[in-house]
Structures are given as C-alpha cells and as structure tokens.
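Here is what each chain is made of, one letter per residue.
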Amino acid sequence: MSFRIEPLGKRARDGFCSGVEALDRYFQRQVSQDIRRRLAACYVILPGDAERIGGFYTLSACHLALPDLPDAISRKLPPYPAVPAVRIGRLAVDQDVRGQGLGSAMLVDAARRVIESDIAAFALIVDAKDAEATAFYEHHGFSRLVSKGKREGATHSLFLVLKPIAARLRPRPH
C-alpha cells in the first residue's frame, strides 16, 4: 500500500475514528492546542491517493530516568539521573484502514524523524494503553521499562533504544 506521512496542518479531522474514544477525542478536539503550545508535534498518514487521514501519531520531548532502564543498558551509560528521549504520546489508525501496516509505518517514520533530527535522543518511549498495544510495540522491538519502586498501573511503559536502529534506516531521498 502506498501512503504519505506529513505534519497534521489544517486537515479536517472529524471523520477519523480509531474506535478508541480517548484517542479520537484527543485528535478531534485537543491536538491543535498541543501543537500551538509546542507540547506535541502531530503527523498523519494518508493512505494511497486519499486525502482522508488514515492514522496519526504525536511526538514530544521527555527524559528517561536511568533507574527505569534494565541494568544491562543503564550500566553502559554515563551516571546521569536521566537521558534524553522522545515520547510517542498517541498513535492511532482509523478503523477503515486497520490491518494494512499503517501503524508500523508510522512507528518507522517516528523513529526516522527522531534519528534525523539535530536534537539528540537516546530512545523512543511509549505508554501502551493495554495488552494489545503492548504486544504491538514489543513486536516492533520495544522493551518494557523496569518499574523500580513504582506501582503497576493500567499502562505499560516501553522504550526503544535508537542507536542500534539508526544504521538500519536508509537515508531519505532529498
């Protein structure tokens, strides 16, 4: 399937329906405010030649506390309290185009944008909303963060170290 991914811009969003009320409500009512306030950047995927949005994801700056990383990774890093990271705050695919690889394409695009940025980031972070979302991210190489001293909640925080995947991403043609 062909597609293109671009910043949200002024596109109409009311027809988008992922089937997850919180994601749909955020995309239809809140995302523009977050963009204006520079709290998040939003990218949309447009399948085929369509102008209708097939999915979206948001990125924002954050940090990753070293104690939350597995010891095998944290012991190789400088003894800082935290390292820079980028959070995929939300990622959703419209129900009409689900199962066509758009979620995977958006993950690759997010990683590429972060890696190609002039701003350093050690990892991508995501809070999966449920077991199905956790399985999706784990399938794509994300690992669970260690929750030392934290209460188990409804979400599962996962991370993906960017350095190993940077070499696998071919440069974008200009």
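Just above, that's the structure.
Residues numbered from 1 in each chain as written. Predicted model: local features only at pLDDT ≥ 70, side-chain atom pairs only at ≥ 80, totals over all residues. Heavy atoms only, no water.

J.: Please explain the pattern of salt bridges as it appears in this structure.
T.: It is possible for side chains of opposite charge to pair when their charged atoms get near one another. Applying the stated rule across the entire model yields 10 salt bridges. Among the salt bridges present, the one from E21 reaches R25, with a minimum N-O distance of 3.0 Å. Residue E21 and its partner R25 are located together in helix α1 (residues 21-36), separated by four residues, close to a single helical turn. Judged by its relative accessible area of 38%, R25 is partly exposed. Residues D127 and R87 are paired through a salt bridge, measuring 2.9 Å at the closest nitrogen-oxygen approach. Taken together, the residues D127 in strand β5 (residues 123-128) and R87 in strand β4 (residues 82-93) connect sequence positions 40 residues apart. Given a relative accessible area of 36%, D127 falls into the partly exposed group. Owing to a relative accessible area of 25%, R87 belongs among the partly exposed residues under this scheme. When salt bridges with common partners are traced through the structure, they connect R4, E6 and R11 into a single cluster. (Salt bridge = Lys/Arg side-chain N within 4 Å of Asp/Glu carboxyl O. Helix = DSSP H or I, 4+ residues; strand = E, 2+ residues; numbered from the N terminus. Buried < 20%, exposed > 50% of the residue type's maximum accessible area, 1.4 Å probe, protein only.)

J.: Explanation requested: the pairing of β5 in the structure shown.
T.: Regular strands show a simple pattern: their side chains alternate between the two faces of the sheet. Most of β5 sits out of view: five of its six residues are buried. With four bridges joining them, β4 and β5 adopt parallel strand pairing. Bridge pairing links I88 to V126 in β5. With helix α3 (residues 102-116) bridging β4 and the parallel β5, this β-α-β connection has right-handed handedness. Note: β5 against strand β7 (residues 156-161), six bridges, orientation antiparallel. Across the sheet, A123 pairs through a bridge with V161, a residue of β7. (Pairing = 2+ DSSP bridges. Right-handed = clockwise from strand over helix to strand, strands pointing away.)

J.: Any chance you could explain helix α4 (residues 131-139) here in plain terms?
T.: Among all positions of α4, only A133, T134 and Y137 are buried. Here the buried residues of α4 occupy an arc of 100 degrees about the axis, which is enough to place them on one side. Of the exposed residues in α4, the ones pointing more than 90 degrees away from its buried face are A131, E132 and H139. The inward-facing, buried residues of α4 abut β4, α3, β5, β6 (143-144) and β7. Positive backbone phi, at 95 degrees, marks G141, one or two positions downstream of α4. (Arc of directions from axis to C-beta. Contact = heavy atoms within 4.5 Å.)

J.: I tried to follow the nonpolar core on my own but got confused; where do I start?
T.: When a protein is soluble and globular, its nonpolar side chains tend to lie buried together. Grouped together as the largest cluster of nonpolar side chains are 27 residues, with contacts concentrated most on Y57, L59, I88, L124, Y137 and F142. The set of elements that each furnish at least two residues to this core consists of β2 (41-47), β3 (55-65), β4, α3, β5, α4 and β7. Counting residues per element, this core draws most heavily on α3, at seven residues. Sequence-distant contacts of L124, defined by excluding residues within four places in its chain, comprise V86, I88, A111, V114, F142, L158, F159, L160 and L162. Counting residues in hydrophobic clusters, the runner-up holds 13 residues, among them L8, Y26, V31 and V44. (Core = buried A, V, L, I, M, F, W, Y, C linked by side-chain atoms within 4.5 Å.)

Limitation: the analysis is restricted to geometry and does not speak to function.
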